[in-house]
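Structural features, examined
Residue strings, one per chain:
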Amino acid sequence: MAARDGGEGDPGADRVALYRDMLLIRRFEEKAGQLYGMGLIGGFCHLCIGQEAVVTGMEAAARAGDHRITSYRSHGHMLAAGLDPRAIMAELLGRETGASRGRGGSMHVFDPERRFWGGHGIVGAQVPIGAGLALAEKMRGTNNATFIYFGDAAADQGQVAETYALAARLSLPVVFVIENNSYPPGTGLSAAKGPQLIDRAKAYGLPVRTVDGMDVLAVRDLAEEIVLPVRAGKGPVAVEAKTYRYRGHSMADPAKYRTRAEASRVRETRDPIDTLRARLLETGHADADRLRAIDREVKEAVNAAAEAARGDAEPAVETLGRHVYAEAAS
Ligand SMILES: Cc1ncc(C[n+]2csc(CCOP(=O)(O)OP(=O)(O)O)c2C)c(N)n1
Ligand SMILES: [Mg+2]
């Protein structure tokens with residue numbers, strides 16, 4: 001969950017914490033991209049640069065006991081859920097100290113303690129699994145919420161529609177979050193035709209909202225509002241956050257389906273971190289020195305995490321099958 005250094009009644013400090021949280025994701029992703037380029041990260045690697053405000057804003061409304069589950073574009077979600085950057089980086093690098101002991105890689109990180117349930121490579125697969133987490137909470141009688149994140153292309157999956165139907169029918173405590181970053185891999189064509197993505201959830205009786213996913217304060221304010229009825233047992237809600245990814249779909253995608261000028265324009269005019277920075281300066285919630293110090297701290301923390309993880313050992317070959325399947329008692 002988003003670090004908050006001010007607590008109740010200190011909106012300036014909360015905003016500064018949101019700034020730090022987004023910056024941590026940005027710098028972490030830049031570092032991951034660099035290590036990938038150096039050939040140190042194997043397999044797939046999907047960066048979320050540009051999309052930081054969505055998960056940061058949503059996590060500001062989460063509290064201990066809540067669950068979160070997402071797709072393969074998951075490093076930002078792990079950081080926002082409070083996983084240690086070193087454990088994430090070590091996982092990307094395939095080290096024994098990684099969050100999934102180096103067996104999962106970028107797409108398959110789990111952290112039961114922080115109720116972070118992956119990282120799923122099959123498009124949309126996390127959505128019904130998330131409903132299962134929510135059902136368990138309902139059966140236990142808690143008021144913990146489950147945040148289920150998925151992309152605009154995943155929203156086309158049949159299992160997503162089935163999950164809307166089930167969650168509505170059983171009044172499950174779910175916040176569905178569609179991260180609409182516009183570009184499914186390779187083609188640049190949005191898969192969805194016809195009504196707005198979010199209208200499909202409406203058809204199953206869910207209350208739906210849309211939000212500017214480049215504005216972390218808007219996302220946070222909406223999240224804080226919509227999670228209350230979810231906790232109170234009133235059933236699920238769905239949000240579509242319109243956002244933008246600056247890099248290709250994965251490290252293998254040169255993103256030729258859009259112009260560089262388009263990505264630069266978004267970066268110059270709608271970047272979530274620059275936007276919040278400008279607001280903090282304008283409102284006097286932070287001055288340039290404070291923000292510079294945060295920039296430095298975050299950069300150092302990411303570099304230290306990467307350096308430490310690079311020094312960690314890989315799993316021994318003969319142990320590779322461990323932690324992959326449950327071990328049955330003989
Ligand atoms: C069931 C399934 N079909 C196809 C793929 C190949 N694939 C990987 S990512 C992706 C597109 C997902 O786009 P979206 O849901 O918008 O998420 P984003 O990558 O934009 O975060 C596809 C089709 C897959 N992994 N799983
Ligand atoms: Mg997408």
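Residues numbered from 1 in each chain as written. Chains lettered and ligands numbered in written order. Predicted model: local features only at pLDDT ≥ 70, side-chain atom pairs only at ≥ 80, totals over all residues. Heavy atoms only, no water.

With that settled, the discussion passes to the site of ligand 1. Ligand 1 sits among 13 residues. The nearest are Y72, R73, A153, A154 and N181. In this structure, Y72 approaches ligand 1 through a side-chain N or O atom, which is 2.7 Å from an oxygen atom. Here an oxygen atom of ligand 1 sits 2.9 Å away from a polar atom, N or O, in the main chain of A154. Burial of ligand 1 by the protein chains amounts to 69% of its free accessible area of 580 Å². (Near = heavy atom within 4 Å. Polar contact = N/O pair within 3.5 Å; in protein donor to acceptor, adjacent residues only side chain to side chain. Areas by Shrake-Rupley, 256 points an atom, 1.4 Å probe, with all protein chains shown as cover.)

What follows covers the packing of aromatic side chains. Under the defined criterion, the tally for this structure stands at four aromatic pairs. Ring centres 6.2 Å apart and planes at 40° place the aromatic pair Y164 and Y204 in the tilted group. Taken together, the residues span a long stretch of sequence, with Y164 in helix α6 (residues 158–169) and Y204 in the loop between α7 (197–203) and β4 (208–212) at a distance of 40 residues. The structure contains a cluster of three or more aromatic residues connected by ring pairs, namely F150, Y164, F176 and Y204. (Phe/Tyr/Trp six-rings, centres within 6.5 Å; stacked < 30°, edge-to-face > 60°. Helix = DSSP H or I, 4+ residues; strand = E, 2+ residues; numbered from the N terminus.)

The subject of this paragraph is the coordination of the magnesium ion (ligand 2). Around a metal, the idealised angle for a tetrahedral arrangement of four donor atoms is 109.5 degrees; for an octahedral arrangement of six donor atoms it is 90 or 180 degrees. Around the magnesium ion (ligand 2), the protein contributes the donor atoms D152 (OD) and N181 (OD1), at 2.1 Å from the metal centre. In this pair, D152 sits in the loop between β2 (146–151) and α6 while N181 sits in the loop between β3 (174–180) and α7, placing the two residues 29 residues apart along the sequence. Exposure class is identical for D152 and N181. Each is buried. (Donors = N, O, S within 2.8 Å, 3.2 Å for Na, K, Ca; no water. Buried < 20%, exposed > 50% of the residue type's maximum accessible area, 1.4 Å probe, protein only.)

Let's shift gears to the pairing of β4. Summarising the sheet, β4 and strand β5 (residues 237–242) pair through five bridges and their orientation is parallel. Its bridge partner being in β5, T210 is matched across the sheet by E240. For the handedness criterion, the β-α-β arrangement of β4, helix α8 (residues 216–231) and β5 is classed as right-handed. (Pairing = 2+ DSSP bridges. Right-handed = clockwise from strand over helix to strand, strands pointing away.)

Bringing the side chain of E52 into the picture now. Secondary-structure assignment places E52 in helix α2 (residues 52–59). One polar contact links E52 to R26, side chain to side chain, over a distance of 2.5 Å. Discounting residues that sit within four places of it in the chain, E52 has contacts with M22, I25, R26, P272 and I273. (Contact = heavy atoms within 4.5 Å.)

With that out of the way, let us pick up the state of the cysteines. Within this structure, the stated rule accounts for zero disulfides. Distance from the sulfur of C45, which forms no disulfide, to the nearest cysteine sulfur (C48) is 10 Å. (Disulfide = S-S within 2.5 Å.)

On to the environment of A304. Tracing the backbone through its elements, the reader meets A304 in helix α11 (residues 288–311). The partly exposed category is assigned to A304, whose relative accessible area is 47%.

The next thing to look at is the packing of helix α1 (residues 11–37) against α2. Helix-helix packing is characterised by the crossing angle of the two axes and by the distance between the axes. Here α1 crosses α2 at 135°, and the two axes come no closer than 10 Å. Taken together, the axes of α1 and α2 are oblique relative to one another. Our pair here, α1 against α2, has a crossing hand that is right-handed. Facing α1, whose interface residues are L18, D21, M22, I25 and R26, α2 presents E52, A53, V55 and T56. Across the contact of α1 with α2, the residue classes break down as five nonpolar, one polar and three charged. (Axes fitted to C-alpha atoms, helices over the stretch in contact; angles between N-to-C directions. Parallel < 35°, antiparallel > 145°, perpendicular 65-115°, else oblique. Left-handed = near helix turned anticlockwise from the far one by under 90°. Nonpolar A, V, L, I, M, F, W, Y, C, P; charged D, E, K, R; others polar.)

Taken N-terminus to C-terminus, the directions of α1 and α8 make an angle of 115°; their axes are 11 Å apart at the nearest point. Between α1 and α8, the interaxial angle falls into the category roughly perpendicular. Remark: the crossing between α1 and α8 carries right-handed chirality. Contacts from D14, R15, L18 and M22 of α1 reach α8 at V216, L217 and R220.

A word on unusual backbone geometry. Trans peptide bonds make up most of the peptide bonds, and negative phi angles are found at most residues other than glycine. Here R101, not a glycine, exhibits a phi torsion of approximately 55°, which is positive. Structurally, R101 is set in the loop between α4 (85–92) and α5 (126–140). Exposure remark for R101: the relative accessible area of 39% places this residue in the partly exposed category. We note that A255 has phi near 55°; this positive angle belongs to a residue other than glycine. Summarising the element assignment, A255 is placed in the loop between β5 and α9 (260–270). Its relative accessible area of 11% is what places A255 among the buried residues.

Attention shifts here to the environment of A17. Note that A17 resides in helix α1. Relative accessible area serves as the criterion here: at 0%, A17 is assigned to the buried category.

Scope: geometric values only; no functional claims are made or implied.
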